[in-house]
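If you want the building blocks of each chain, they are given just below.
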Amino acid sequence: MIPLAISAVAVVLLVLVGLFVLLAIGGYVAGAQRTKARDRELLRQLEEADRALAQAHATDKGWERSVLEAAARRGFAERFGNTDFDELQLVQVLDRPGTDADQAVFRVETPDGEHRITLGRTNGVWGPA
């Protein structure tokens, strides 16, 4: 009788280990799909912002990308007190009638997470909105 009891325990343990492995693989696959979807959405936003920036720059010379990025860096440093970030990406351009209503939104990726900073233009100068 004892060999049968050990065998039953071994079978139960093997089944539990198998279920754990299947759940781990399923979680990995689901996480990878979620990351892909998020990356696709970010790329779509970046492409849309690039198109909008090109259009805005064509009609209004105040939309120089280097000027926007410098203002975003200054604004981020003012708002969050640091300049330690991995990425700075323009994700949205709001080119409204006139120049003082214009806005640009940047995505800033830091070691502690993702932030967004919105810039506005006043009297031709870009700064945090």
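Since the structure is predicted, the reported quantities are computational estimates derived from the model, not experimental observations.

1. Side note on the environment of L88
Consideration 1: Relative to the helices and strands, L88 resides in strand β1 (residues 87-94).
Consideration 2: Owing to a relative accessible area of 15%, L88 belongs among the buried residues under this scheme.
Consideration 3: Between the alpha carbons of L88 and A72 there is a distance of 8.3 Å; along the sequence they are 16 residues apart.
Consideration 4: Other than its neighbours up to four places away in sequence, L88 contacts E69, A72, R73, F106, R107 and V108.

2. Description of the pairing of strand β4 (residues 125-128)
Consideration 1: When strand β3 (residues 113-122) meets β4, the two strands line up antiparallel, connected through 4 bridges. Looking at β4, one finds that L119 is bridged to P128.
Consideration 2: Hairpin connection between β3 and β4: a loop of 2 residues separates the two successive antiparallel strands, and N123 in this loop has a positive phi of roughly 50 degrees.

The rules behind each value
Residues numbered from 1 in each chain as written. Predicted model: local features only at pLDDT ≥ 70, side-chain atom pairs only at ≥ 80, totals over all residues. Heavy atoms only, no water. Helix = DSSP H or I, 4+ residues; strand = E, 2+ residues; numbered from the N terminus. Buried < 20%, exposed > 50% of the residue type's maximum accessible area, 1.4 Å probe, protein only. Contact = heavy atoms within 4.5 Å. Pairing = 2+ DSSP bridges.

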